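If you want the building blocks of each chain, they are given just below.
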Amino acid sequence: MRINNFWRKCVIWRFQHTEEQIVRTICNSHCGGTCEMKVHVKGNRIIRIESGDEEGMSHRMCARGRAYRQRVYAPDRLLYPLKRTGARGAGEFTRVSWDEALKTVASEMKRLRATYGNASILHFCSMADAHTLHHVQAFHRLLCQFGGYTAPWGTISDEGANFAAGMTYGTRPKGYTPEDYLNSRLIIMWSWNPVTTQQGTNIPLYLARAKEGGTKIISVDPRYTDSTAIFADQWIPIRPGTDTAVFAAMAYVIVRENLHDKHFIDTYTFGFDRFRDYIFGLEDGVEKTPEWAEVISGIPAVTIAGLAREYACTKPAILNTSIAAGRTAFGEQYHRAASALESITGNIVIRNGGRPISRDLMRITQIPSPPNQVELDASSRWNALPYRGGSVNSSARVNVSLLADAILKGKAGGYPADYKFLWLSNTNYLNQLGEVNKTIEAFQKLEFILVTEQFMSSTAKYADIVLPVCSFLERNDLYAPRTGGAYAILNKAIEPLGESKSQLQICEAIASELGITDYNDRSDEEWVRSMVTKLSEEVEFPSYNILRKRGIHRLKFGKSTPVAKKELEDPEQKSFPTPSGKIEIYSQIIDKMNHPLIPPIPKYLETWESLNDHLAKKYPLQLITPHFNRRAHSQFDNLPWLRELQTQVVTISTLDAESRGIRQGDMVKIFNDRGEVRIPAEVTERIMPGVVAIPQGAWCTPDRNGIDYGGCPNMLTKNISSPGGAFTCNTALVQMERVDDL
Ligand SMILES: Nc1nc2c(c(=O)[nH]1)N[C@H]1C(S)=C(S)[C@@H](COP(=O)(O)OP(=O)(O)OC[C@H]3O[C@@H](n4cnc5c(=O)[nH]c(N)nc54)[C@H](O)[C@@H]3O)O[C@H]1N2
Ligand SMILES: Nc1nc2c(c(=O)[nH]1)N[C@H]1C(S)=C(S)[C@@H](COP(=O)(O)OP(=O)(O)OC[C@H]3O[C@@H](n4cnc5c(=O)[nH]c(N)nc54)[C@H](O)[C@@H]3O)O[C@H]1N2
Ligand SMILES: [Mo]
């Protein structure tokens, strides 16, 4: 006892006499923000995290970043490898050695490969947290060296936008720079709540400046969001999933009233005539008038017509369509229609020849890997697409939203293989995908599940082996964004806690157990250094040493022009990587796909589970599942500091609440045929009647009867992807009732 005290005192003495260091990095936690972080470290301990001091309109960290220390030292952090002892999902595990965990994983991988072939191995790595070295490519290299695997295609986020941009421009989705907001005279926040979601830059600050400068801001959203409250001059509530109808009607007004930009259309676009025929009803006999769209969307015709005129006549105007409205059935049509509207008014901003620069640079920084033998076997109509979404751009024909379906049905259901082994990393798949109960059923069918995690997430509970991965503050990496202009070195602040390892270390250890000898011959620092060197060959970039010290480097974008300079000067050059070389309002690739539900021009297709569906009699409310301030998806949900900030509630309009006898704070059940969630209700006029909202990301915690008290909306959403690949979590019908028996 006395000796223990002696050592304790020694440790305290050393800690007190160790100098405090500041490690610079960025917050790297799946919200898309790139906020500077100053991590104060003493010995091997983070004692404080504060926001950076970048000059100018810098990215001040939000509450999540500031709470990151609580996340690193969370009592429920996974610090040792775990082996499942109870039933899948029961959460019963025992600690095992790395040696035992790795041997189990490697022997199962070899056994399943020998029995069912490489295609039976499924791996998915989501975008959490976006970085380079310890991310999807690390797994990809290992699994390709193992002979291949099934990599799903698409993202569980913006696949509708990816598809639409690929078809329309031949590129990844475009984005606006902060300067664009300052330059514009009208900003339409369409399905966009940047006060909560940020998405890459310190946008709210720029919106505030734009507003101060006289820019008009309009919000089109079923909810009166914080962004609407702070910035909007006008709120236009819209029924979820009906946006494309409103775009079509806006186009109708613009063309009918001769407000379109003919020069732009003639010079830079392809297929306008077909779109005009559609909006004027020459194709189907239905004119896409504002009155037609009013019935569908709930927006008065006069408002639609006014919005159309305002958008066409105010230059420059930004139609800032965010992703949520594209996370609906036929969500890709929403993004295609928005592009059509931007094109016919000439309000397009595309830089660098239409190719967002960061995407190309991202490729440079990837860890190389041999070809995936499984994909080489696969062929599909999707191969025509320039991009098939995030991750490793797979052609193996399993959409990322459909893993559960693919596992349950396999070859018999038309999938290329029967799936037996699932490795999930950087994702809380079960929680974040449609229809949790279906995913649970699928997970029960698998022979082996491996999860690489920091926490015992809803997904990890189903794993056979859980390997503890360290946080980004415990390893070195490079942050190379998909869309933004910020690059950063993620400097290691402390050594990995417990026995947790970095992702690359984990892959290296598995490789070695599998007998793969050439998996990795470099240290993390060598990798990052070589990536920075390659980057500086392409763009103006600081040296590795400077970047390491500074942490962050933001690429400067030139002043925006209506389209890329190259296209403007010489449209004959066919600079857009589309079949016509132009912006394809009529997509020739889609035409070749010949899919009845993917029309070559953007069209309004009524969603499944719309209010006209017979299901609406039983389940009359449309559920939407927006992103939440105190979480990044399911991350941070367990942190007490953040839990104090917001409660997980379902929002319902005063009108719908009254007719159900629901008052503010009442416990309610929200349900449909797929599941049931019980959480308190927030009764408010900030959501339109007929719509209810449950913030996505809450950890599902079903009781013995499968009723979820965690408030995970994916208990209710449908497990289906849109024909063009859009993730459809905002299309679901539900009913809501007060719960009295609590
Ligand atoms: N705090 C925080 N920030 C985040 C994230 C997070 O989890 N937390 N996630 C990050 C990621 S990965 C992403 S993809 C982005 C997501 O960014 P978004 O997709 O923009 O975020 P959402 O909150 O889903 O939706 C934005 C708004 O769309 C509205 N909406 C929903 N359905 C419809 C519809 O059918 N039509 C219209 N017009 N509006 C609709 C919602 O009410 C909401 O206010 O945010 C990023 N930033
Ligand atoms: N209903 C509904 N569902 C949605 C959405 C919605 O709007 N509504 N939004 C969708 C969108 S836009 C997205 S992007 C997805 C997000 O879906 P996911 O990417 O699956 O969600 P996260 O909650 O970010 O899960 C990341 C997990 O990775 C772990 N993690 C963090 N860092 C690391 C690391 O370095 N290595 C490893 N191995 N693990 C790590 C975290 O602990 C966490 O459990 O959700 C989608 N699901
Ligand atoms: Mo996302």
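Look up a bit, the structure's there.
A few points on the structure. What you see is a predicted model; the values in this text were computed from it and never measured.

1. A closer look at the packing of aromatic side chains
Now for step 1: Here the structure, examined in full by the defined rule, presents 17 aromatic pairs.
Now for step 2: When the ring of Y68 is compared with that of F472, the centres are 5.0 Å apart and the planes differ by 70 degrees; the resulting orientation is edge-to-face. Taken together, the residues Y68 in helix α3 (residues 68–72) and F472 in the loop between β14 (465–468) and β15 (477–479) connect sequence positions 404 residues apart. Assigned by exposure class, Y68 and F472 land together as buried.
Now for step 3: The interplanar angle of 80 degrees and the centroid separation of 5.9 Å between the aromatic rings of W292 and Y604 together place this pair among those described as edge-to-face. Here W292 is found in helix α14 (residues 290–297), whereas its partner Y604 is found in the loop between α26 (588–593) and β19 (621–624), with 312 residues between them in sequence. Accessibility classification places W292 together with Y604 in one group, the buried group.
Now for step 4: Put simply, the rings of Y68, F472 and F636 touch in pairs and so form one group of aromatic residues.
Now for step 5: Lying across the ring of Y80, R95 places its NZ or CZ 3.5 Å from the centre.

2. A few points about the site of ligand 2
Now for step 1: The environment of ligand 2 is made up of 30 residues, and the closest members are S126, T427, E453, S634 and N714.
Now for step 2: Between ligand 2 and the protein, one listed contact pairs an oxygen atom with a side-chain N or O atom of S126 at 2.5 Å.
Now for step 3: A distance of 2.7 Å separates a nitrogen atom of ligand 2 from a polar atom in the side chain of Q503.
Now for step 4: Expressed as a share of its isolated accessible area of 920 Å², the protein-covered part of ligand 2 is 98%.
Now for step 5: Residues belonging to the shell around ligand 2 are distributed by class as follows: 7 nonpolar, 19 polar and 4 charged.
Now for step 6: Residue-level mapping places the shell around ligand 2 at the junction of two domains, with at least three residues from each of domain 2 (82–156 + 367–475 + 490–540) and domain 4 (614–738).

3. Considering the environment of S120
Now for step 1: Its place among the elements puts S120 in the loop between α4 (98–116) and β6 (121–125).
Now for step 2: Note: C-alpha distance between S120 and Y149 (29 residues apart in sequence) is 7.0 Å.
Now for step 3: Excluding anything up to four places from it in sequence, S120 contacts L112, D418, Y419, K420 and F421.
Now for step 4: Within the structure, the side chain of S120 is placed 2.8 Å from the backbone oxygen of G117, a separation counted as a polar contact.

4. Observations concerning the environment of M736
Now for step 1: Turning to its location among the elements, M736 is positioned in strand β25 (residues 733–738).
Now for step 2: It is 9.2 Å that separates the C-alpha atoms of M736 and I652, two residues lying 84 residues apart in sequence.
Now for step 3: The residues contacting M736, other than those within four sequence positions of it, are L621, V650, I652, R660, I662, V668, K669, I670, F671, A681 and V692.

5. Here's the deal with the sheet that holds strand β4 (residues 82–84)
Now for step 1: Strands sit in the order β5-β4-β14-β13-β12-β6 across an open sheet of 6 strands; the sheet is mixed. Strands with a single pairing partner mark the edges of an open sheet, and in this sheet they are β5 (93–95) and β6. Each adjacent strand pair in this sheet contributes to an overall mean axis angle of 15 degrees, direction not counted.

6. Considerations on the site of ligand 1
Now for step 1: Around ligand 1, 34 residues are found, and the nearest of them are D221, D243, S322, R631 and H633.
Now for step 2: For ligand 1, an oxygen atom lies 3.1 Å from a polar atom in the side chain of S191.
Now for step 3: Contact distances for ligand 1 include 2.8 Å between an oxygen atom and a backbone N or O atom of H627.
Now for step 4: Its free accessible area being 910 Å², ligand 1 has 97% of it covered by the protein chains.
Now for step 5: Of the residues that constitute the shell around ligand 1, the class distribution is 14 nonpolar, 14 polar and 6 charged.

7. Remarks on the packing of α4 against helix α22 (residues 503–514)
The axes of two packed helices give the description: the angle between them and the distance between them.
Now for step 1: One can describe the packing of α4 onto α22 by two numbers: an axis separation of 9 Å at closest approach and a directional angle of 60 degrees. Between α4 and α22, the angle is such that the two are oblique. Crossing handedness for the pair α4 and α22: right-handed. Counted together, W98, L102, K103, V105, A106, M109 and K110 of α4 and I506, A509, I510, E513 and L514 of α22 form the full contact between these two elements.
Now for step 2: Within the contact of α4 with α22, the residues separate by chemical class into 9 nonpolar, no polar and 3 charged.

Rules used in this analysis
Residues numbered from 1 in each chain as written. Chains lettered and ligands numbered in written order. Predicted model: local features only at pLDDT ≥ 70, side-chain atom pairs only at ≥ 80, totals over all residues. Heavy atoms only, no water. Phe/Tyr/Trp six-rings, centres within 6.5 Å; stacked < 30°, edge-to-face > 60°. Helix = DSSP H or I, 4+ residues; strand = E, 2+ residues; numbered from the N terminus. Buried < 20%, exposed > 50% of the residue type's maximum accessible area, 1.4 Å probe, protein only. Lys NZ or Arg CZ within 6 Å of the ring centre and 35° of its normal. Near = heavy atom within 4 Å. Polar contact = N/O pair within 3.5 Å; in protein donor to acceptor, adjacent residues only side chain to side chain. Areas by Shrake-Rupley, 256 points an atom, 1.4 Å probe, with all protein chains shown as cover. Nonpolar A, V, L, I, M, F, W, Y, C, P; charged D, E, K, R; others polar. Domains from an automatic or database assignment. Contact = heavy atoms within 4.5 Å. Pairing = 2+ DSSP bridges. Axes fitted to C-alpha atoms, helices over the stretch in contact; angles between N-to-C directions. Parallel < 35°, antiparallel > 145°, perpendicular 65-115°, else oblique. Left-handed = near helix turned anticlockwise from the far one by under 90°.

Keep in mind these numbers describe shape, not what the thing actually does.
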